[in-house]
Amino acid sequence: MRPLSRLTALAVLALLLTACVGGKTYDENVTYKVDEIADNTWARLSIQGEAPGEPLSQIRHVSAKLDDVPPDVEAGDVLVCRVHQTRRNLADTNVELTVNNCRRP
């Protein structure tokens, strides 16, 4: 194999390994409206306006544990919540999502 071909093959291999190994995250404050309180354990939320930055997957409708929202929250209230998404590697389609630290704006 010629030296240039070997170098090209190594460069392609490095790019492939980076795509498989390198993870990606999204961590932003997002404004939501409380749609409902479900089972006295979850608040179902829908986004208000556009999400800042570039989410890894859809965050228009999410749920937050009641422990992560103000204690007297009701349907119709507007909250700002911390949304964190993680993808372990770029080849993985599974995105882990957490919504917490919700507060009134």
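Report follows, based on the coordinates. (Residues numbered from 1 in each chain as written. Predicted model: local features only at pLDDT ≥ 70, side-chain atom pairs only at ≥ 80, totals over all residues. Heavy atoms only, no water.)

### Quick look at the overall build of the protein chain
What the protein chain contains, in helices and strands, is one helix and five strands. Going from N to C terminus, the protein chain has its helices and strands arranged as α-β-β-β-β-β. Counting only residues that meet the buried cut, the protein chain has 25% of its 105 residues in that class. Working note: accessible area of the protein chain is about 7,100 Å², and carbon and sulfur atoms make up 53% of it. (Helix = DSSP H or I, 4+ residues; strand = E, 2+ residues; numbered from the N terminus. Buried < 20%, exposed > 50% of the residue type's maximum accessible area, 1.4 Å probe, protein only. Areas by Shrake-Rupley, 256 points an atom, 1.4 Å probe, with all protein chains shown as cover.)

### Quick word on the sheet that holds strand 1 (residues 24-38)
The five strands lie next to each other as 3-2-1-4-5, forming an open sheet whose pairing is antiparallel. In this open sheet, the two strands that pair with only one neighbour each are strand 3 (61-65) and strand 5 (96-103). Between one strand and the next, the sheet's axes are offset by a mean angle of 40°, whatever the strand orientation. (Pairing = 2+ DSSP bridges. Axes fitted to C-alpha atoms, helices over the stretch in contact; angles between N-to-C directions.)

### Digging into the nonpolar core
Ranked by size, the top nonpolar core spans 19 residues in total, and within it Y32, L45 and V99 carry the most contacts. At the level of secondary structure, the elements contributing two or more residues to this core comprise strand 1, strand 2 (42-47), strand 3, strand 4 (78-87) and strand 5. (Core = buried A, V, L, I, M, F, W, Y, C linked by side-chain atoms within 4.5 Å.)

### So, the state of the cysteines
Under the counting rule described, the total for this entry stands at one disulfide. Paired by a disulfide, C81 and C102 hold their sulfur atoms 2.1 Å apart. Negative torsions about the S-S bond denote left-handed disulfides, and the value of about 115° found for C81 with C102 makes this one right-handed. Linking C81 in strand 4 with C102 in strand 5, this pair joins segments that are 21 residues apart in sequence. Both residues of the pair, C81 and C102, belong to the buried class. (Disulfide = S-S within 2.5 Å.)

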